[in-house]
Amino acid sequence: MTTKELIQAEIDNLDDGELERLYELVKRFTETKKAVKPGLLARLKTIQIDGPEDFSENLDWYLRREKHAE
């Protein structure tokens, strides 16, 4: 039996109230599937780092605590 046939067999055993709940669940599932989720790079673009201007140049100093952010 295919997955679709197995699902149909289960659906055939539901009463009207259960069918309504199942319909809402399926509807939410398909809407979620259609929603476009931003990719990794798009999400990374939104990250903002608050630090001193020379943070990347002197990262090792900051990590060793030889230099402090003002």
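Look above for the structure.
Because the structure is predicted, anything quoted here is derived from the model rather than measured.

Before going further, it helps to examine a nonpolar patch on the surface. A contiguous nonpolar patch, built from Leu40, Leu41, Leu44, Ile47 and Ile49 and spanning about 580 Å² of accessible area, is present on the exposed surface. With respect to the secondary-structure elements, Ile49 resides in the loop between helix H3 (40-45) and helix H4 (59-63).

As a further point, take helix H2 (residues 16-34). The α-helix winds at 3.6 residues per turn, so residues separated by three or four positions along the chain end up facing the same way. The end-to-end C-alpha distance of H2, which contains 19 residues, comes to 27 Å, matching closely the 27 Å that a straight helix rising 1.5 Å per residue would cover. Two or three places before Gly17, at the opening of H2, Asp15 has a side-chain oxygen 3.1 Å from that residue's backbone nitrogen.

This brings us to the pattern of salt bridges. Within the structure shown, the criterion is met by one salt bridge. For the salt bridge of Asp60 with Arg64, the shortest nitrogen-to-oxygen distance reads 3.8 Å.

This paragraph deals with the environment of Ile49. Take Ile49: its relative accessible area is 73%, and that puts it in the exposed class. Separated by 48 residues in sequence, Ile49 and Met1 have C-alpha atoms that sit 54 Å apart.

Analysis parameters
- Residues numbered from 1 in each chain as written.
- Predicted model: local features only at pLDDT ≥ 70, side-chain atom pairs only at ≥ 80, totals over all residues.
- Heavy atoms only, no water.
- Patch = residues over 30% accessible without salt bridge, like charges linked within 9 Å, V, L, I, M, F, W, Y side chains within 5 Å.
- Areas by Shrake-Rupley, 256 points an atom, 1.4 Å probe, with all protein chains shown as cover.
- Salt bridge = Lys/Arg side-chain N within 4 Å of Asp/Glu carboxyl O.
- Helix = DSSP H or I, 4+ residues; strand = E, 2+ residues; numbered from the N terminus.
- Expected span 1.5 Å × (residues − 1).
- Polar contact = N/O pair within 3.5 Å; in protein donor to acceptor, adjacent residues only side chain to side chain.
- Buried < 20%, exposed > 50% of the residue type's maximum accessible area, 1.4 Å probe, protein only.

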